[in-house]
Structures are given as C-alpha cells and as structure tokens.
Amino acid sequence: MGKEGGVLNAILGSLYLSIGATVLSMLMSLPIVLYINLYLKPDSKFAATIRLAMDLMWGVPSIVYGAFGFTVMVLIGLKTSMLAGMITLAIMILPIIIRAMDEIVRTVPLGLIEASLSLGATRWETAFKVVVKQTMPGIVTAMLLGFGRAIGDAASVIFTAGYTDKIPYSIMKQVGTLPLSIFFQLGSPIPEVQNRAYAAAVILTIIILIVSILSRLYYRKFARNRIL
Amino acid sequence: MPAHINIQNLNVYYGERHALKNINLEIPDNKITCIIGPSGCGKTTLLKCFNRLIDTYDNVKVDGKLMIGSENIFDNNVEITHLRKKMGLLSQRPFPLPMSIYENVAYGPRIHGLKDKKKVDELVEFYLKEASIWDEVKDRLNAPASRLSIGQQQRLCLARGLAVEPEIILGDEPTSALDPVSSKNIEEKFLQLKEKYTLVIVTHSFAQARRLADYVVFMYLGEMVEQGSANQVLENPVQERTKEYVLGKIS
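Residues numbered from 1 in each chain as written. Chains lettered and ligands numbered in written order. Predicted model: local features only at pLDDT ≥ 70, side-chain atom pairs only at ≥ 80, totals over all residues.

Let's talk about the environment of Ala84(A)
Residues and elements named next belong to chain A.
- With respect to the secondary-structure elements, Ala-84 resides in helix α4 (residues 82–105).
- Sequence-wise, Ala-84 and Arg-51 are 33 residues apart; in three dimensions their C-alpha atoms are separated by 26 Å.
- Once you skip the residues sitting within four places of it in the chain, Ala-84 turns out to touch Gly-69, Met-73, Leu-78, Thr-160 and Ala-161. (Helix = DSSP H or I, 4+ residues; strand = E, 2+ residues; numbered from the N terminus. Contact = placed C-beta atoms within 7 Å.)

Observations concerning helix α6 (residues 123–134) of chain A
Residue and element names in this part refer to chain A.
- Among all positions in α6, only Thr-126, Ala-127, Val-130, Val-131 and Gln-134 are buried. Each buried residue of α6 sits inside an arc of 130 degrees when the element is viewed along its axis, so together they form one side.
- Buried-residue contacts for α6 involve α1 (8–39), α4 and α5 (110–117). (Buried ≥ 20, exposed ≤ 12 C-beta atoms within 10 Å, placed from the backbone. Arc of directions from axis to C-beta.)

Describing the nonpolar core
- Core analysis: the largest hydrophobic core is formed by 128 residues, its most contacted members being Ile97(A) and Ala159(B).
- For this core, the element with the most residues is α4(A), which contributes 16 residues.
- A domain split of this core shows at least three residues from each of domain 1 (1–86 + 168–174 + 198–251) and domain 2 (93–165) of chain B.
- Residues contacting Ala159(B), with those up to four places away along its chain left out, are Val105(B), Tyr127(B), Leu128(B), Glu130(B), Ala131(B) and Ile133(B). (Core = buried A, V, L, I, M, F, W, Y, C linked by C-beta atoms within 7 Å. Domains from an automatic or database assignment.)

Notes on the interface of chain B and chain A
- In this assembly, 24 residues from chain B lie in contact with 24 residues from chain A.
- Elements represented by at least two residues in the side of chain B that touches chain A include exactly α2 (80–85), β6 (87–90) and α3 (101–111) of chain B.
- Take the side of chain B that touches chain A: its biggest share by element is 4 residues, from α2(B).
- Considering only residue class, the side of chain B that touches chain A consists of 12 nonpolar, 7 polar and 5 charged. (Nonpolar A, V, L, I, M, F, W, Y, C, P; charged D, E, K, R; others polar.)

Considerations on the domain arrangement of chain B
- Domain annotation of chain B identifies domain 1 (1–86 + 168–174 + 198–251) and domain 2 (93–165).
- Between the C-alpha centres of domain 1 of chain B and domain 2 of chain B there is a distance of 28 Å.

So, in structure tokens, the structure goes:
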C-alpha cells in the first residue's frame, strides 16, 4: 500500500498555503510598518511597544501559534482547513515580516520624506508612492523571508491545516503540506514511502532555493530607483 | 516694498531648548532674502516653520504668527498640503524621489490632481527647461533620477519644486553639497527666478549672500539680530554682533 504516487498534494498545498499566508501577512504588515514609521513620532511609546511585541512574537515557537490557531478555530467553529492554516501561518510570519520591513523603512532618509511632504503630498501619498518605492528591495526580501519560514513550518499547520493525500481543491478543506508529508511518511515502514519523504525534503529545499535566486535576480530591478 | 511674508513674535521650543527667540521679520516680495548666521543659530528651524515641516518633529512648540499674505499659517484651519504646495524647498543635499526623472517632476502635479497625460508631458518639459536641465536629460527621461550627478539632481529638485507652482522658494543651503560649477548654475537660476518668485535662502557662505541677496537677515543663537537691505547689513551693519560676524570675528 502506498507504493504508488508522489507528493504533488503536498507541493501544491504548501505553495497555496505559504503564498496565501504571505499575501495576508503583507496586507497587515505594510500598513503597520508605514504607520509606526510615518505617522508616529520617532520616540513614540506605542511604536516602541509594537516593536517589542513583534520581537517577542518572533521568539514564540510555531507550535504555540498552531495551538493558538486551533483554539480560536474551535471557538469560532472553523474546521481544519487551508483557510485556517493560512491565517495561522500569516500570524506566525507577521512579526518576521514587520521587523524586517521596519528595519528597512527606518533607513529612509528624513530628507526624502520631507521632500515629498514639501511638495504638498500627504503622509499617505508619501508612504505609498515614495517610501514603498525606496524600500522595495527590502520589502521583497522581508516577504521572501516570511514565505520561507511559512513554507518550512510543520508545527503550526498540523492542527490547523490538517493533512490529506488529496490534491487541494477547496480553501475550506484540509490540505497536505511538504513538512508534514515528510513527518508522516518518514515514519512509515515501507521504503517507497520513506523515499517519498526524502523527495519531499529535497523539493522543499529546491523551492526555497528558487525563491532566493529569483529574489537575487530581481533585486537590481527593484533597487533601480533607490536614492542612496 | 511689499512684504510677502511677515513674521511676528515667533518662538520655537525643542523641548526645553528655546531655538527661536521672538523673531520679527519681514520678507519682501520678488526678492532674494538670505538668512545668514553661524551654524546652530536657528536658520534651518526658521525655514522649516515656513512650510510647517517643523510639525513633523518631536516635542516642538511653536507660538507667534507667520503671515503669508494675509493668512497666518499657524492657524488651525490652514490646509497643510495646500500651504506646502505654495513653497518649493531645496534641501542641503538634493533628494530626488526614488523614481524616474520624468516622474520626479510629474509627481507634484499628479498628487494635486492632474491626470491628462499630454498636460503632464508639457509641464515636465516646461519645468525641466525652467530649471535649465532639459538639454541634459531630454533623451533619458525614464532613467532613474538617482543616476544624475548631484548638481543635476539639485536642478531636478528645483524643477520638481517649481512644478507645483509655488509662490515662494525656500533653500536650505542649497549649494553646500555642490561643486563650484553646479553652485554657480543654481545661483544664476535663482537670480532669474526672483522675477516670478520670492526666494528665501539660508546660507552660511558670506560670499554667496553678497552675490545673491537683495535683503539679508542675520541670526545669532536663535535671535534675529539684524535685517535690512543687503547693502546695509553686509557693508554697514548697525549691530555689534553683525559687525563681528561680517568681519569674521565670530562664526
């Protein structure tokens, strides 16, 4: 049993989950980062609190996010599903993305922000048209950092996204992931299944490699307009 | 001589530090006014009051009036984006925006609602010519502004500032980072621009003030010591401290 087949379910599942989680996380983190850097004053206590909280959240083990996500799911009646996994992963990588972007956005020279403001731009326009453009390479790097963390994480999806051998077909259904397919298949006594686990591990590594290479290749393009 | 900007009892505090002390000042229309004085005397702070960039700093308290025409810019109902649109700012070091040369100039008009592509093209060309940089960049309008030399960047920043149709041009030591040739370019530009605009230039180059200024304000340690026509302040200062500065005894 199980001598046939591959890990397409896990590849697709992992990609969907991680891309979804990264997008969700970006939607939350970009406004937060721009807000604490452009709307709050540099010595704001609130901004300092957010940064501290993010540093703490960064250190929390991912199984805790999994358990937390699971608890919330039980409370609101959501079943183990791709959606639940995405949300949990998004929260897990939120501090990583926020802190990485925050460090970059803080390096934007004040003169650049003042140049935009003095043309009569609002802070909103300055944030999205100038600061985002200036920090594009950093934003992309932060995104990929989050993506890499999300795709490789097993503990936070074990309760929330579940596992299935089916190809993912609905956001409300359970979904297989590469880390979990390694975990489950490595424990099998059947050599073919074990080999599939190793294959999954290689694929996971290759996906991360491809993403890193792409980001290097595109770095120059993103950095083209940057003002030093 | 009609006063364009009229400052009355302006005080600025950075926390405990009293940075500008009771400034009273009149800045004439269509003239170049140079603010001179040693470093740390509050020149830049004063300039940042004009377009209320001072608001973005921590722990700042401002009182007094700064009238532009008949409007006190520190009134609560002043629309800040509208106010800033009236002023072009040139900073010490040019900060082009992280986009192409074309978009740098188009940025201002676009955020103020101009959408018509043809109109934007015309404006970009017009203001790049106005800042005497058109010939150098007309073939590479889509190149990133960061590739220009620093002197070109400063002229691009001038074009960008002019493109929002300001009344007043503020310069915060606008030539201090530039090479002599670029500085000369910018200075010549200023002399032409005073036909249409009111210019307020902060400088700590005495020679520059002599070349440019019609009207000079001397500041020292947060106080406005002397103001008057360039000739009077630079050649025949009344105040003791101005004399010492002009003679190079204090700096």
